Amino acid sequence: MSVMVARKKVVRKWEKLPGRNTFCCDGRIMMARQKGIFYLTLFLILGTCALFFAFECRYLAVQLSPAIPVFAAVLFLFAMATLLRTSFSDPGVIPRALPDEAAFIEMEIEATNGTVPQGQRPPPRIKNFQINNQIVKLKYCYTCKIFRPPRASHCSICDNCVERFDHHCPWVGNCVGKRNYRYFYLFILSLSLLTIYIFTFDIVYVALSDDSAGLDCLPDSQSLTVLTVLEVLICFFTLWSVVGLTGFHTFLVALNQTTNEDIKGSWTGKNRVQNPYSHGNMVKNCCEVLCGPLPPSVLDRRGILQQEENAAQEETCTRGPSAQEPTTTKGPGGQAEEGSTQQDGSLPHQSAVPVPSLSNTEMPEEKQLTTGELPVLSQDAGQAEH
């Protein structure tokens, strides 16, 4: 007799999620696969601030005020915290439809549109939805097999539908959507202030560097001036992009509008359709976008999906002293017959009688169970994260 001891492996939902995202720290960190420009962002911020704290701040803290490096450190920490929060969080990915849900939606669309003759293009899959007395069209996503919620869009880089999709930002290595837009805005705002701050005091440092007596405490003042000029150039070119981007998103926040809607002209096109999400007040719009409740992630990335058998160990039980070995007896014809001797002299056990084997065609029910039902169960379990 053998006993099967199975070890089970816990499978997290993030391991089976579709799309082109990468996960770290057991699903706690979610980013896009293309992260090269994100590393460049970290290098520019860390490198520029490291040079500023190592050289200019030492002189400015002595000559002007010790509060200069303190305020710079606060801006730097806040910018890095909001950057990591934007890059490592779920932007609001919408789960894809389960097979049963996708089939039901397809049947509903066919029933609504009817049979389309061959050679003709089927009508667009659109549903009308009313928000604040304004008709909003919900478009069907052929990849996710769902009608996207209002303001959602499918990101071609991450291959996922994102709720309140703003844009895909390679500088942060993630999509910007409903769940991380406020952190993205705070990041570019704090980075703009930090860039202006470093740029201003670098100019002050260059102006004060003419006083050689003030730089006697610092070694190799000429090389420090070269590094300062390098920082000034980096900050100068950064100001044009970061400060301009901050002003553009401030305008969008005041109107409660997304970058995707602004590019497509959703509310400023030929029809002059009003934005149904705007409250008509800049303060209310800013409060809703930046201070409203943050919805939880619907992916449940670290949830347990299923338990699969990883390995099995077979152990053979030891035979007890009362176990009897099978004996061999001779029948009337002189042939050997195998059987097990019973203590009470009864007939041999039924298992000792040879039974003709059955082929696979003689067991249709068992074959249908093993080949038909089990894959369905595993498929349903694989789609449970949606």
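- An unreviewed UniProt entry lists the protein chain under the name Palmitoyltransferase, from Odontophorus gujanensis.
- On record in UniProt, under Catalytic activity (unreviewed entry), the comment for the protein chain is "L-cysteinyl-[protein] + hexadecanoyl-CoA = S-hexadecanoyl-L-cysteinyl-[protein] + CoA".

### Topic: the overall build of the protein chain
Okay, step 1: A count of helical and extended segments in the protein chain gives eight helices and 13 strands.
Okay, step 2: Scored against the burial criterion, the 386 residues of the protein chain give a buried share of 34%.
Okay, step 3: Pairs at least 24 residues apart make up 66% of the contacts formed inside the protein chain by residues separated by at least 6 positions.
Okay, step 4: Total accessible area computed for the protein chain in this model is approximately 24300 Å², and 59% of it derives from carbon and sulfur atoms.

### Notes on the pairing of strand β4 (residues 126-131)
Okay, step 1: Strand direction decides the pairing type here: β4 and strand β5 (residues 134-141), joined by six bridges, are antiparallel. Paired with asparagine 128 across the strands is lysine 137, a residue of β5.
Okay, step 2: Between β4 and β5, which pair antiparallel in sequence order, lie two residues; one of them, asparagine 132, sits at a positive phi of approximately 50°.

### Focus: a nonpolar patch on the surface
Okay, step 1: On the surface, Ile37, Leu40, Phe43, Leu44, Trp171, Leu230 and Ile234 cluster together into a nonpolar patch covering about 640 Å² of accessible area.
Okay, step 2: With four residues, helix α1 (residues 36-63) is the single largest residue contributor to the nonpolar patch.
Okay, step 3: Mapped onto the secondary structure, phenylalanine 43 falls in helix α1.

### Examining the packing of α1 against helix α2 (residues 67-87)
Okay, step 1: α2 packs onto α1 with a crossing angle of 170° between their chain directions and a minimal axis gap of 10 Å. Relative to α2, the element α1 is oriented roughly antiparallel. Of the residues in α2, those touching α1 at Phe38, Thr41, Leu42, Ile45, Leu46, Cys49, Phe52, Phe53, Cys57, Leu60 and Ala61 are Ile68, Pro69, Ala72, Ala73, Phe76, Met80, Leu83, Leu84 and Ser87.

### Details of the sheet that holds strand β6 (residues 146-147)
Okay, step 1: Taken in spatial order, the three strands make up an open sheet running β4-β5-β6, and their pairing is antiparallel. Lying at the two open borders of the sheet, with one neighbouring strand each, are β4 and β6.

### Details of the environment of tyrosine 183
Okay, step 1: Mapped onto the elements, tyrosine 183 comes out in helix α4 (residues 181-208).
Okay, step 2: Spatially, the C-alpha atoms of tyrosine 183 and alanine 79 are 9.6 Å apart, while their sequence positions differ by 104 residues.
Okay, step 3: Non-local contacts of tyrosine 183, meaning those with residues more than four positions away in its chain, are made with Thr82, Arg85, Thr86 and Leu294.

### Focus on the pairing of strand β3 (residues 29-32)
Okay, step 1: The side-chain alternation of β3 yields two buried faces, one formed by Ile29 and Met31 and the other by Met30 and Ala32.
Okay, step 2: Pairing geometry for strand β2 (residues 21-24) and β3, over four bridges, is antiparallel. Pairing of cysteine 24 across the sheet is with isoleucine 29, part of β3.
Okay, step 3: What sits between the antiparallel neighbours β2 and β3 is a turn of four residues, in which cysteine 25 has the positive phi angle 55°.

### Here's the deal with the confidence of the model for the protein chain
Okay, step 1: Here the protein chain averages 75 in pLDDT, while 68% of its residues score no lower than 70.
Okay, step 2: Taken together, the stretch residues 308-386 has pLDDT below 50 and engages in 67 contacts with residues farther than four places along the chain or on a different chain.

### Looking at the nonpolar core
Okay, step 1: Judged by nonpolar contacts, the single largest core of 35 residues is most densely connected at Ile45, Phe52, Leu83 and Phe187.
Okay, step 2: Breaking this core down by element, the ones donating at least two residues are β3, α1, α2, α4 and α5 (221-255).
Okay, step 3: It is α4 that contributes the most residues to this core, 11 residues altogether.
Okay, step 4: Excluding residues that lie within four positions of it along the chain, leucine 83 makes contacts with Phe38, Thr41, Leu42, Ile45, Val172 and Phe187.

### As for empty space enclosed by the protein
Okay, step 1: Considering all chains together, one arrives at one cavity of 30 Å³ or more under this definition.
Okay, step 2: Considering only enclosed or pocket space, the largest cavity measures out at about 70 Å³ in volume.
Okay, step 3: Surrounding the largest cavity, 11 residues form its lining, Leu17, Pro18, Val93, Asn160 and Leu299 being those nearest its centre.
Okay, step 4: Residue composition of the lining of the largest cavity, by class: eight nonpolar, three polar and no charged.

### Remarks on the UniProt feature "transmembrane region" (unreviewed entry) in the protein chain
Okay, step 1: UniProt's feature table lists "transmembrane region" (unreviewed entry) at residues 37-55, 67-84, 183-208 and 228-255, given in the numbering used throughout.
Okay, step 2: Measuring from the first to the last C-alpha atom of residues 228-255 gives 39 Å, for a span that is 100% helix and 0% strand.

### With respect to the layout of surface pockets
Okay, step 1: Of the pockets and cavities examined, the second largest pocket occupies roughly 490 Å³.
Okay, step 2: If you trace the second largest pocket, you find 21 residues lining it, with Leu44, Leu191, Thr238, Ser241 and Val242 closest to the centre.
Okay, step 3: Going through the elements one at a time, α1, α4 and α5 are the ones with two or more residues in the lining of the second largest pocket.

### Some thoughts on the state of the cysteines
Okay, step 1: Summed over all chains, the structure comprises zero disulfides.
Okay, step 2: With no disulfide of its own, cysteine 158 lies 3.5 Å from the sulfur of cysteine 175, the closest cysteine sulfur.
Okay, step 3: Cysteine 158 sits in the buried class, given a relative accessible area of 3%.
Okay, step 4: Cysteine cysteine 286 remains unbridged, with the sulfur of cysteine 287 as its closest cysteine sulfur at 7.0 Å.
Okay, step 5: Residue classification places cysteine 286 among the partly exposed residues on the basis of a relative accessible area of 28%.

Each value, and the rule that gives it
Residues numbered from 1 in each chain as written. Predicted model: local features only at pLDDT ≥ 70, side-chain atom pairs only at ≥ 80, totals over all residues. Heavy atoms only, no water. UniProt positions renumbered as here; feature names shortened; annotations may be inferred. Helix = DSSP H or I, 4+ residues; strand = E, 2+ residues; numbered from the N terminus. Buried < 20%, exposed > 50% of the residue type's maximum accessible area, 1.4 Å probe, protein only. Contact = heavy atoms within 4.5 Å. Areas by Shrake-Rupley, 256 points an atom, 1.4 Å probe, with all protein chains shown as cover. Pairing = 2+ DSSP bridges. Patch = residues over 30% accessible without salt bridge, like charges linked within 9 Å, V, L, I, M, F, W, Y side chains within 5 Å. Salt bridge = Lys/Arg side-chain N within 4 Å of Asp/Glu carboxyl O. Axes fitted to C-alpha atoms, helices over the stretch in contact; angles between N-to-C directions. Parallel < 35°, antiparallel > 145°, perpendicular 65-115°, else oblique. pLDDT = per-residue confidence, 0-100. Core = buried A, V, L, I, M, F, W, Y, C linked by side-chain atoms within 4.5 Å. 1 Å grid on protein atoms, 1.4 Å probe; cavity = no way out; pocket = protein on both sides within 12 Å on 5 of 7 lines; lining within 4 Å. Points joined across faces, edges and corners; volume = space filled by probe spheres on them. Nonpolar A, V, L, I, M, F, W, Y, C, P; charged D, E, K, R; others polar. Disulfide = S-S within 2.5 Å.

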